Amino acid sequence: MSATKNKGEKKSSAPQLRARYLRQPTPFCAGCGHGIFINAFLRAAEAAGLDFGRTVFVSGIGCGAWVPSPHFLADTLHVTHGRAIAFATGIKLTRPELEVVVISGDGDLVTIGGNHLIHAARRNLPIKVFCLNNWLFGMTGGQVSATTPSGAITATTPAGNPHRSFDLVRLVRGAGAPYVARWPVARPRQLRRGIETALREPGFAFVEVLSICPTQYGRANRAQWAQEGGEEVSLAWAMLSWQEANCISRRKAQKEGAADRIVVGEWREGDETWSA
Amino acid sequence: MSKKFIVELDEALCKGQTCAICQHTCPQGVFAVSDRATAQGVWPLRVAQPEACTGCRRCELFCPELAISVTPAGEQVVEPTAPQPAGPAVATPPLHPPQLLGGKRRGGGWTTAPGTLSPGVHFLSGNEACAEGALAAGCRFYGGYPITPSSEIMVRMARRLPEVGGTFAQMEDEIASLSAVIGASWAGIKSMTATSGPGFSLMMEGLGYAVMTETPCVIVNVQRAGPSTGQASRPAQGDVMQAHWGSHGGPEIIALAPWSVQEMYDLTIRAFNLAERFRVPVIVLADEVVGHLYETITVEPTVRCFNRVRWPQDSPFGTEADDGVPPMPAFGEGARLLVTGSTHDARGIRRTTDPRTQERLVRRLARKLLAHRDEIDDWEAYFTADAERLVVAYGSVARSALWAVQEARHQGRRVGLLRLKSLWPFPDDIVARYASSLTPPKVGGERGGEVVVPEMNLGQVAREVERCVTAPVTCLPQTNGELIDPRRILRYLLAGRWER
């Protein structure tokens, strides 16, 4: 990777980032993808010059919602299940000079709160939304969500998920968002750059962060990761390896086709590839 | 020999071999699982072969705990430094005009504000007067969803708020409406929403959140006939119990009941003042009759307003006193607020399994209202000095009751009226005092000391009255979607008959 591409990633050391931006260590399970997101987010926030003193983080209920609250050293609003974007709307409309960042999970933002998500996208409300998609409800014990892949085993789909899942990029683009992106935690450099880009967007920006939940999703679907190092590696690493192997960038997908892989990248209104 | 790197791993933060992402991602085998477990039973990773590091930094960027740093030898920064002005910044426009955030009055409290409507007499509907009362009280954000019979409030706010520098938002549903209102309140802006029965049901979630987070806001419920969608354009008083008990967890609530267009204006102002004083959601329990009624009202040139106490340096979620109201900083003031609807300590840190924190919080949330009823209770009494019987009424029904009581007086019956202007916390002492001062009946056969409660439901306030008095209580219920006819109440007072 070129030096230019990575210039934002080495401003502060990990202890400096923790001291500057974090109130306390996180309570997440070992190997949780949400921690990788925190790592990338703090580096991206620093690179983008996001002032935590003038930023309000809003989150709902679930593991993803615990990322900012109570951990980020900023104003945090930890609200009812699914309503983070609705609360954020009231803040951003009355105090437009504050940065309003929503960080929550797929169960919260999409499964119960999907209505608020599509309306905020339609309004082009200038907030940043990061949806930590771990493919199920983690905190409540691994139940199916609107983003669980078809066939996946969860606590409430013991025979496999009979339904299809939302494609969040298509959903939010369809709702009118001018900027939508999808980045995997398996590629932390890409993720950091993607978050930084989203934070600099002038309008509504939505980033689907492909996270991992080794504790719930990983254990329930062991067969899926069996090829990724088997007993030799931790479940977290097996899931990250799977994610790395099964994500494909937009550019590559346009050339060679995505097949069954997950297309990652960014979609900005006005770009020639917007409708691709 | 190539460049050397210092690899540091904070074992206290490491979650161990169940994660081990650093070990697996490192192409050089720098990391290994430690041979001793921590006190928490974690087998942390350790830097086993630091000399092998080539500085790719995959471990550093992956580590979910931010426990690893990789630094070129000789470039180590030892101590965490204070926040620096970061590089190419996200644009930072000037802070919001301070007058909207209460200006220098960070201490909050009572103040006299200029009115937002020209002083004098105006001819308005109750819903329009409600909107004007909100603006006069300093409301600068409205989030709502259209619903009969309250929509005129939002329509007027959509036009009027921009004129006074405020913000209007039509949200996607009533859950979002109250959520946005609470968000705006934490942004430092006095905020409200208005709705009717079905929308009020959807707001129960946000109502409980506002109670738990001690967020001042005003919710107007122009009651219509239910249950469910019921009769959209017809009056009722069926939401009295819902206002108090509709949100789970048994919160204490303030609810006011206007009976006229003037009171739609006055009590909306009062609702904002009580909300700011006690850091609570306050419900204006209007009904379709007062919402759609047109009357003249008198608007004063200035308005007495209470502004929330703001000192950011104090704990925003706890007080020494068991009935105290903590100060409320706003977002963006550097208070690093931790606002949560989960059980929390004085700083806002979640304590979701600690019985003492839960009990102290829930008791204070109730006591901060119940111990200050003298500031909340509101009522009017008519002909009670020598009354043998007492009518207790509220809202539009109190208009019918007053006519009936006056007419009964003309016909020699010693009947009084107690009109409740505040319904929650229920004014137990006021009701008990008027009921106990009833004089024994002079006319033989008449029920002595009777308390009569006409209401447009099947007996919600009547049961509260029963709880407070020793006298016999008679409910006069009507749920046909029509205002109770004053002649019907009179017939009961004269002849003891309630059938149609």
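All figures in this text were calculated on a predicted structure; none of them were measured in a lab.

## Observations regarding the pairing of strand β8 (residues 205–210) of chain A
Residues and elements named next belong to chain A.
Okay, so step 1: Among the six residues of β8, six are classified as buried, and the element is accordingly described as predominantly covered.
Okay, so step 2: One ladder, built from six bridges, connects strand β7 (residues 179–184) with β8; its direction is parallel. Bridge pairing links W183 to V209 in β8.
Okay, so step 3: Between β7 and its parallel partner β8, the chain crosses via helix α7 (residues 188–200), and the hand of that crossover is right-handed.

## Here's the deal with α7(A)
One turn of an α-helix holds 3.6 residues; hence residues three or four places apart share an orientation.
Okay, so step 1: The first and last C-alpha atoms of α7(A) sit 18 Å apart over 13 residues, in line with the 18 Å expected at 1.5 Å per residue.
Okay, so step 2: Within the sequence span of α7(A), burial applies to A:P188, A:L191, A:R192, A:R193, A:G194, A:I195, A:E196, A:A198 and A:L199.
Okay, so step 3: On the buried face of α7(A), the contacting elements are α2 (33–48), β4 (128–133), β7, β8 and β10 (262–268) of chain A together with α2 (58–62) of chain B.

## Description of the interface of chain A and chain B
Okay, so step 1: Contact residues are listed per partner, giving 63 residues for chain A and 69 residues for chain B.
Okay, so step 2: If you list the elements that add at least two residues to the side of chain A that touches chain B, you get α1 (14–21), α2, β2 (75–78), α3 (84–94), α5 (114–123), α7 and α10 (235–246) of chain A.
Okay, so step 3: In terms of residues, the side of chain A that touches chain B owes the most to one element, α3(A), which gives eight residues.
Okay, so step 4: Across three bridges, β2(A) lies against strand β16 (residues 338–340) of chain B in parallel orientation. Bridge assignment links A:H78 to a residue of β16(B), and that residue is B:T340.

## Side note on the sheet that holds strand β21 (residues 451–455) of chain B
The strands that make up a sheet pair up through hydrogen bonds in the backbone, lying either parallel or antiparallel.
Residues and elements named next belong to chain B.
Okay, so step 1: Strand order in the open sheet made by the five strands is β17-β19-β18-β21-β22, with mixed pairing throughout. Where the open sheet ends on each side, the last strands, each with one partner, are β17 (379–382) and β22 (473–477). Within this sheet the neighbouring strands show an average axis-to-axis angle of 20 degrees, counted without direction.
Okay, so step 2: Of the pairings in the sheet, the one linking strand β18 (residues 389–393) to β21 comprises two bridges and is parallel in character. From the neighbouring strand, L390 faces β21, where its bridge partner is V451.
Okay, so step 3: The strands touched by helix α13 (residues 397–410) are β17, β18, β19 (415–420) and β21; relative to β19, the strand with the most contacts, the crossing angle is about 165 degrees.

## A few points about the packing of helix α3 (residues 126–136) of chain B against helix α4 (residues 151–160) of chain B
All names here are of chain B.
Okay, so step 1: For the pair α3 and α4, the least separation of the axes is 8 Å and the interaxial angle reads 45 degrees. In terms of orientation, α3 lies oblique with respect to α4. Crossing of α3 over α4 shows right-handed handedness. Each of N127, E128, C130, A131 and L135 in α3 lies in contact with α4, whose residues at this interface are E152, I153, R156, M157 and R160.

## Here we look at the sheet that holds β7(A)
Okay, so step 1: Reading across from one edge, β9(A)-β10(A)-β7(A)-β8(A)-β4(A)-β3(A)-β1(A)-β2(A)-β16(B) is the order of the nine strands in this open sheet, with mixed pairing throughout. In the strand order of this sheet, the two ends are held by β9 (247–249) of chain A together with β16 of chain B, each with one partner. Taken over all neighbouring pairs, the strand axes of this sheet differ in orientation by 20 degrees on average, direction set aside.
Okay, so step 2: Where β4(A) meets β8(A), six bridges bridge the pair, whose relative direction is parallel. Pairing of A:K128 across the sheet is with A:A205, part of β8(A).
Okay, so step 3: In the packing of α7(A) onto the sheet, the strands contacted are β4, β7, β8 and β10 of chain A, and the crossing angle to β7(A) comes to about 160 degrees.

## Remarks on unusual backbone geometry
Okay, so step 1: For the bond running from A:S69 to A:P70, omega is 5 degrees, close enough to zero to count as cis.
Okay, so step 2: Structurally, A:P70 can be placed in the loop between β1 (55–59) and β2.
Okay, so step 3: The step from B:G226 to B:P227 runs through a cis peptide bond, and the omega angle for that step is 0 degrees.
Okay, so step 4: We note that A:W135 has phi near 75 degrees; this positive angle belongs to a residue other than glycine.
Okay, so step 5: Mapped onto the elements, A:W135 comes out in the loop between β4 and β5 (136–137).
Okay, so step 6: One non-glycine residue with positive phi stands out, namely B:S228, at about 55 degrees.
Okay, so step 7: Tracing the backbone shows B:S228 in the loop between β10 (217–225) and β11 (231–235).

## Observations concerning the pairing of strand β7 (residues 141–144) of chain B
Residue and element names in this part refer to chain B.
Okay, so step 1: On β7, burial covers both faces: F141 and G143 on one face and Y142 and G144 on the other are all buried.
Okay, so step 2: Looking at chain direction, β7 and strand β8 (residues 167–170) are connected through four bridges and run parallel. Bridge pairing in β8 places G144 opposite Q170.
Okay, so step 3: Each parallel crossover has a hand, and for β7 linked through α4 to β8 it is right-handed.
Okay, so step 4: Two strands pair when backbone bridges link them, and β7 and strand β9 (residues 191–195) are joined in this way by two bridges, in the parallel orientation. Bridged to F141 within β9 is S191.

## Structural notes on the packing of α3(B) against helix α9 (residues 261–278) of chain B
Residue and element names in this part refer to chain B.
Okay, so step 1: Running from N to C, α3 and α9 point in directions that differ by 30 degrees, and their axes come no closer than 7 Å. Between α3 and α9, the crossing angle belongs to the class labelled roughly parallel. Seen from above, α3 lies across α9 with right-handed handedness. On α9, the residues that touch G126, A129, C130, E132, G133, A134 and A136 of α3 are V261, M264, Y265, D266, T268, I269 and F272.
Okay, so step 2: Split into classes, the residues belonging to the contact of α3 with α9 amount to nine nonpolar, three polar and two charged.

## Quick look at the domain arrangement of chain B
Okay, so step 1: Annotation of chain B at the domain level lists domain 1 (5–72), domain 2 (105–307) and domain 3 (377–495).
Okay, so step 2: Using only C-alpha atoms to locate each centre, domain 1 of chain B and domain 3 of chain B end up separated by 76 Å.

## Some points on the confidence of the model for chain A
Okay, so step 1: Summing up the model confidence of chain A, the mean pLDDT is 94 and the portion of residues at 70 or higher is 95%.
Okay, so step 2: Within the model, the stretch residues 1–5 of chain A combines pLDDT values under 50 with two contacts to residues more than four positions away or in other chains.

Here is what the cut-offs are and how they apply
- Residues numbered from 1 in each chain as written.
- Chains lettered and ligands numbered in written order.
- Predicted model: local features only at pLDDT ≥ 70, side-chain atom pairs only at ≥ 80, totals over all residues.
- Buried ≥ 20, exposed ≤ 12 C-beta atoms within 10 Å, placed from the backbone.
- Helix = DSSP H or I, 4+ residues; strand = E, 2+ residues; numbered from the N terminus.
- Pairing = 2+ DSSP bridges.
- Right-handed = clockwise from strand over helix to strand, strands pointing away.
- Expected span 1.5 Å × (residues − 1).
- Contact = placed C-beta atoms within 7 Å.
- Axes fitted to C-alpha atoms, helices over the stretch in contact; angles between N-to-C directions.
- Parallel < 35°, antiparallel > 145°, perpendicular 65-115°, else oblique.
- Left-handed = near helix turned anticlockwise from the far one by under 90°.
- Nonpolar A, V, L, I, M, F, W, Y, C, P; charged D, E, K, R; others polar.
- Domains from an automatic or database assignment.
- pLDDT = per-residue confidence, 0-100.

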